[in-house]
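# What the coordinates show
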Amino acid sequence: MRTDSAGLQILSPEECIALLASVPIGRIVFTDRALPAVQPVNFHLDGERVVIRTSRDSKLAVAAANAVVAFETDEYDARAGTGWSVTAVGRARTVDDPAETAALARLPLTPWAQGRRDHYIVVDLKQLSGRRIRR
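Figured I'd write up the structure that's included with this text. (Residues numbered from 1 in each chain as written. Predicted model: local features only at pLDDT ≥ 70, side-chain atom pairs only at ≥ 80, totals over all residues. Heavy atoms only, no water.)

Turning our attention to the overall build of the chain. In terms of regular secondary structure, the chain is built from three helices and eight strands. When the helices and strands of the chain are listed from N to C terminus, the series reads β-α-β-β-β-β-α-β-β-α-β. Here the chain has a C-alpha radius of gyration of 16 Å; the compact-globule value for 135 residues is 14 Å, and the two agree. Counting only C-alpha atoms, the chain reaches 45 × 35 × 25 Å along its principal axes. Evaluated residue by residue, the chain yields a buried proportion of 40% over its 135 residues. Partitioning the intrachain contacts of the chain with sequence separation of at least 6 by distance along the chain shows that 68% fall at a separation of at least 24. Looking at the chain as shown, the accessible area adds up to about 7,900 Å², and 52% of this sits on carbon and sulfur atoms. Positive and negative charge centroids in the chain, built from 18 and 16 side chains respectively, lie 3 Å apart. (Helix = DSSP H or I, 4+ residues; strand = E, 2+ residues; numbered from the N terminus. Rg over C-alpha atoms; globule rule 2.2 N^0.38 Å. Buried < 20%, exposed > 50% of the residue type's maximum accessible area, 1.4 Å probe, protein only. Contact = heavy atoms within 4.5 Å. Areas by Shrake-Rupley, 256 points an atom, 1.4 Å probe, with all protein chains shown as cover. Lys, Arg positive; Asp, Glu negative; His and termini not counted. Charge placed at Lys NZ, Arg CZ, Asp CG, Glu CD.)

The phi angle at Arg33 is positive, at roughly 55°, despite the residue not being glycine. Its location among the elements puts Arg33 in the loop between strand E2 (25-32) and strand E3 (35-42).

A separate point is the nonpolar core. Formed by 27 residues in total, the largest nonpolar core has its most connected members in Ile28, Val50, Ile52, Leu60, Ile121, Val123 and Leu125. Elements supplying a minimum of two residues to this core: helix H1 (13-21), E2, E3, strand E5 (49-54), helix H2 (59-64), strand E6 (68-77), strand E7 (82-94) and strand E8 (119-133). Those residues within four positions of Ile121 in sequence are excluded, and the remaining contacts are Val50, Val51, Ile52, Thr54, Leu60, Ala61, Ala64, Ala92 and Arg93. If you look at the next biggest cluster of nonpolar residues, it comprises seven residues, including Val51, Leu107, Leu109 and Tyr120. (Core = buried A, V, L, I, M, F, W, Y, C linked by side-chain atoms within 4.5 Å.)

This part is about the pattern of salt bridges. The full count for this structure, using the stated rule, is 10 salt bridges. Between Asp4 and Arg131 there is a salt bridge, and its shortest N-O distance comes to 3.1 Å. You can see Asp4 sitting in the segment before strand E1 (9-10) and its partner Arg131 sitting in strand E8, a full 127 residues away along the chain. Looking at Asp4, the relative accessible area reads 22%, which means it is partly exposed. (Salt bridge = Lys/Arg side-chain N within 4 Å of Asp/Glu carboxyl O.)

Further remarks concern the packing of aromatic side chains. Any aromatic ring pair is given by two values, namely how distant the centres are and how the planes are angled relative to each other. By the definition in use, this model includes one aromatic pair. Between Phe43 and Phe71 the ring centres are 4.8 Å apart and the planes differ by 75°, which places this aromatic pair in the edge-to-face class. Within this pair, whereas Phe43 is found in the loop between E3 and strand E4 (44-46), its partner Phe71 is found in strand E6, the two being separated by 28 residues in sequence. Accessibility expressed as a relative area gives 6% for Phe43, which makes it buried. (Phe/Tyr/Trp six-rings, centres within 6.5 Å; stacked < 30°, edge-to-face > 60°.)

Extensive coverage of E5 is indicated by the burial of five of its six residues. As paired elements, E4 and E5 share three bridges and run antiparallel to each other. Among the inter-strand pairings, Asp46 is bridged to a residue of E5, identified as Arg49. Taken together, E4 and the strand that follows it, E5, pair antiparallel across an intervening segment of two residues, in which Gly47 is found at a positive phi of about 70°. The pairing of E5 with E8 spans six bridges and is antiparallel. In the sheet register, Ile52 faces E8, and the bridge partner there is Ile121. (Pairing = 2+ DSSP bridges.)

Here is the structure:
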């Protein structure tokens, strides 16, 4: 088991993917008017890409179109003192192809927010890193 300088276990890319797939909520980090912005989102991991469903005119959809973004998710049990965090970096793209949109619409991804959410953002994951903490 490899550890970092703080004594946290360094997760392999395979462990990072498995943990990403195990939770429904994450945070996407993007640039909004030249400043960093973080937005919680529900998502679906489809292979090695994060799929987010939103509205076409949302701040996220506009800002993330063809941009490099970060994506983070984690889990922590305060009582047990255990947890993990996974961070990914990749290029986000909006999905405009009707066939791809139809395929993504079949994924088990139900948006939180009310209203029309028929626009998809896909983040192709390029860099993965993760850490696990154990008491």
